Amino acid sequence: MQLETDHLSGPLNAQLIVGSEEELPVVESAYIGSEFADLLEADLFNVMLVTNQDSSEVLRVCGETDVVAILYTNGQKPKAPEMRKATEMGITILSTPLSLKSIPALLKKDLSELSIKDAT
């Protein structure tokens, strides 16, 4: 499904940090959690990674998987070096004040077309 501005400002209550509204990615699945070994093993495509972990490890894992967007929860935002690297990698970064625990139910309700792997 194509992420749209309505998804960001509506159910996800997300702010676009890296990327543009005109070039939001197509997302087929969502991986929710911070157990990146599980993400590496999962057979997911066009992934939106939903995590509450802000570290350089997040982008390293994205380089090894098919992550096209990262949604940071709890209002977290990456540091400038991670934002530059995400731009170089073509990864959209979003931030939401919502908690990691609240995202699975929200995605199932409002973005039901996504295949969801909840590793929380």
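Everything quoted here is computed from the prediction, not taken from an experiment.

Rules used in this analysis
- Residues numbered from 1 in each chain as written.
- Predicted model: local features only at pLDDT ≥ 70, side-chain atom pairs only at ≥ 80, totals over all residues.
- Heavy atoms only, no water.
- Helix = DSSP H or I, 4+ residues; strand = E, 2+ residues; numbered from the N terminus.
- Buried < 20%, exposed > 50% of the residue type's maximum accessible area, 1.4 Å probe, protein only.
- Contact = heavy atoms within 4.5 Å.
- Pairing = 2+ DSSP bridges.

A. Region of the structure containing the overall build of the protein. Along its length, the protein carries 5 helices and 6 strands. Its C-alpha atoms give the protein principal-axis dimensions of about 35 × 30 × 25 Å. Put simply, the protein has 120 residues, and 42% of those count as buried. Considering only contacts in the protein between residues 6 or more positions apart, those separated by 24 or more positions represent 51%.

B. How the structure looks around the pairing of strand E4 (residues 67-72). E4 sits mainly inside the fold: 6 of its 6 residues count as buried. Judged from the 5 bridges that link them, strand E3 (residues 47-51) and E4 form a sheet pairing that is parallel. Residue Val 50 lies in a different strand from E4, and its bridge partner there is Leu 71. Where E4 lies against strand E5 (residues 92-95), 4 bridges are found, and the strand directions are parallel.

C. Main features of the environment of Leu 40. Within the secondary structure, Leu 40 is located in helix H2 (residues 36-41). A relative accessible area of 36% places Leu 40 in the partly exposed class. Spatially, the C-alpha atoms of Leu 40 and Thr 96 are 24 Å apart, while their sequence positions differ by 56 residues. Setting aside its immediate chain neighbours within four residues, Leu 40 contacts Val 61, Glu 64 and Thr 65.

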